[in-house]
Amino acid sequence: MKLCRFELKAEPGVIRSGMVYSGKIYETSGAEAIAVHEAEDVRPLMPIPNAPSLRIFRSDLQPGIIPGMDSEDPNYFYANPTALAGASQILNHPATLSEMSVEPYLAAVVVTDGYQIDLEMADDVILGFTMILLLVSHTAEREERRMGIIGRSHDLGGVLGPVVTTPDELEESLLETDTGRAYGLEAILRVNGVERARGNTENLPFSFAQAISSASHNTPVRAGDLIAFGPLVDPEEPILLDPGDEVQLAVEKLGALSLKISRS
């Protein structure tokens, strides 16, 4: 299933939920379908509106990649889930930033609370998968890397969605591993309609089961938590954005997510 939240353009402010199927939006109440809407009649909202936390597992910050890091547990840092908006939103380009880049992520949505989750059980706490386009201060990140901590550079905002795709939709792309389920999904990043980079989720250094199990060792994971892996593409250099730029991330079987940078 592809789960969504939305509002009708004719009735803004009334939040509805449902699923996307064959290009139409089926509005639901519990398990019952109560209406069918055409895609052009709805405005997508964040499928997860109030995520308790957003953990970022950056591929280039993992053991074996950073010299001197010997731990086998995945490394992550926290980003700000309240800075995320829904699909196709216009986001600000702060006037004080000289270099702002974008990073695309695949995110698992946790469906239930859990503490010290065994690796073998960790896939079972995943509701589904969604996408994130995260804005990053490239200048601030360079400074943070020198200090050995990532934080403020990733607090500029981003977009989440447009849907949550449940694992059963991805069975054809399943890659069985000894550390939990993984998927081979092609990802393409475009800026102003021009392809800038591509990648595949099979190249992520850890499974989501490893990430969730590790994250729950010392503190519980909560229903609605976002566990993000990426960046999904590997450009030759950072993808810097200018005011007015439009960014689109397309991931096989998950759909497309876009944002636009304001001109002021």
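Scroll up to find the structure this text is about.
Residues numbered from 1 in each chain as written. Predicted model: local features only at pLDDT ≥ 70, side-chain atom pairs only at ≥ 80, totals over all residues. Heavy atoms only, no water.

S.K.: Please clarify how the packing of aromatic side chains should be interpreted in this entry.
M.R.: Geometry of an aromatic ring pair is reported as the spacing of the ring centres plus the angle between the planes. According to the stated counting rule, one finds seven aromatic pairs in the structure shown. With 6.4 Å between their ring centres and 65° between their planes, Y21 and Y26 make a pair best called edge-to-face. (Phe/Tyr/Trp six-rings, centres within 6.5 Å; stacked < 30°, edge-to-face > 60°.)

S.K.: What is the right way to look at the layout of surface pockets in this model?
M.R.: Empty pockets left among the atoms are what a rolling probe the size of a water molecule brings to light. The computed volume of the largest pocket comes to approximately 490 Å³. Around the largest pocket, the lining is made up of 24 residues, and of these D60, P231, V233, D234 and P235 lie nearest the centre. Of the residues that constitute the lining of the largest pocket, the class distribution is nine nonpolar, six polar and nine charged. The calculated volume of the second largest pocket comes to roughly 250 Å³. Around the second largest pocket, the lining is made up of 16 residues, and of these V20, I25, P44, P162 and V163 lie nearest the centre. Looking at the lining of the second largest pocket, the elements with two or more residues in it are β1 (2-8), β5 (42-45), β12 (158-165) and β20 (255-261). Ranked by the residues each element gives to the lining of the second largest pocket, the list is headed by β1, at four residues. (1 Å grid on protein atoms, 1.4 Å probe; cavity = no way out; pocket = protein on both sides within 12 Å on 5 of 7 lines; lining within 4 Å. Points joined across faces, edges and corners; volume = space filled by probe spheres on them. Nonpolar A, V, L, I, M, F, W, Y, C, P; charged D, E, K, R; others polar. Helix = DSSP H or I, 4+ residues; strand = E, 2+ residues; numbered from the N terminus.)

S.K.: Help me understand a negative patch on the surface in this model?
M.R.: Side chains of D168, E169, E171 and E176 sit close together on the surface and give a patch of like negative charge. Here E169 is to be found in the loop between β12 and β13 (174-177). (Patch = residues over 30% accessible without salt bridge, like charges linked within 9 Å, V, L, I, M, F, W, Y side chains within 5 Å. Areas by Shrake-Rupley, 256 points an atom, 1.4 Å probe, with all protein chains shown as cover. Salt bridge = Lys/Arg side-chain N within 4 Å of Asp/Glu carboxyl O. Lys, Arg positive; Asp, Glu negative; His and termini not counted. Charge placed at Lys NZ, Arg CZ, Asp CG, Glu CD.)

S.K.: Explain the sheet that holds β20 to me, please; I cannot follow it from the model alone.
M.R.: Neighbouring strands of a sheet are bound in pairs by backbone hydrogen bonds; such pairs are parallel or else antiparallel. Taken together, five strands build an open sheet; the order of strands is β9-β20-β19-β15-β16 and the sheet is mixed. Because the sheet does not close on itself, it has two edges, and the strands there are β9 (89-91) and β16 (194-200). Between one strand axis and the next, the sheet turns through 20° on average, direction left out of account. In this sheet, β16 lies alongside strand β15 (residues 186-191) in antiparallel orientation, the contact comprising six bridges. When the bridges of β16 are listed, I188 appears paired with R198. (Pairing = 2+ DSSP bridges. Axes fitted to C-alpha atoms, helices over the stretch in contact; angles between N-to-C directions.)

S.K.: Looking at this structure, I do not really get the environment of S17. What am I missing?
M.R.: If you trace the backbone, S17 turns up in strand β2 (residues 11-21). A residue is classified by how much of its surface remains accessible, and S17, at 35% relative accessible area, is partly exposed. Through-space distance from the C-alpha of S17 to that of D113 is 22 Å; in sequence the pair is 96 residues apart. Sequence-distant contacts of S17, defined by excluding residues within four places in its chain, comprise C4, R5, F6, Y26, E27 and T28. (Buried < 20%, exposed > 50% of the residue type's maximum accessible area, 1.4 Å probe, protein only. Contact = heavy atoms within 4.5 Å.)

S.K.: Hey, could you run me through the pairing of strand β6 (residues 54-58) in this one?
M.R.: Regular strands place side chains that alternate from one sheet face to the opposite one. For β6, the buried fraction is high: five of the five residues fall into the buried class. Of the two faces of β6, the one lined by L54, I56 and R58 and the one lined by R55 and F57 are each fully buried. Judged from the five bridges that link them, β6 and strand β17 (residues 226-230) form a sheet pairing that is parallel. Looking at the pairing, I56 lines up with A228 of β17.

S.K.: Could you clarify how one ought to interpret the pattern of salt bridges in this entry?
M.R.: Side chains carrying opposite charge are able to pair once their charged atoms draw close together. Counted according to the given criterion, the structure contains 14 salt bridges. When the shortest N-O distance is used, the salt bridge between K24 and E38 registers 2.5 Å. Note that K24 is positioned in strand β3 (residues 24-29) and E38 in strand β4 (residues 32-38), a separation of 14 residues in sequence. Linking E103 and R58 is a salt bridge whose minimum nitrogen-to-oxygen distance equals 3.3 Å. Within this pair, whereas E103 is found in strand β10 (residues 100-110), its partner R58 is found in strand β6, the two being separated by 45 residues in sequence. Both residues of the pair, E103 and R58, belong to the buried class. Because the salt bridges share partners, they merge into one network encompassing R58, D60, E103 and E141.

S.K.: What is the right way to read the side chain of T201 from this model?
M.R.: Structurally, the position occupied by T201 is in the loop between β16 and α3 (208-215). Of note is the side chain of T201, whose polar atom sits 2.5 Å from the backbone oxygen of Y183. There is a polar contact of 2.9 Å between the side chain of T201 and the backbone nitrogen of L185. Apart from residues lying up to four places away in sequence, T201 is in contact with L106, Y183, G184, L185 and L232. (Polar contact = N/O pair within 3.5 Å; in protein donor to acceptor, adjacent residues only side chain to side chain.)

S.K.: Explain unusual backbone geometry here, please?
M.R.: In most cases, non-glycine residues show a negative phi, while peptide bonds are predominantly trans. A cis amide bond links G161 to the next residue, P162, at an omega of -5°. One can find P162 in strand β12. Its identity is not glycine, yet K253 carries a phi of approximately 70°, on the positive side. Judged by its relative accessible area of 31%, K253 falls in the partly exposed class.

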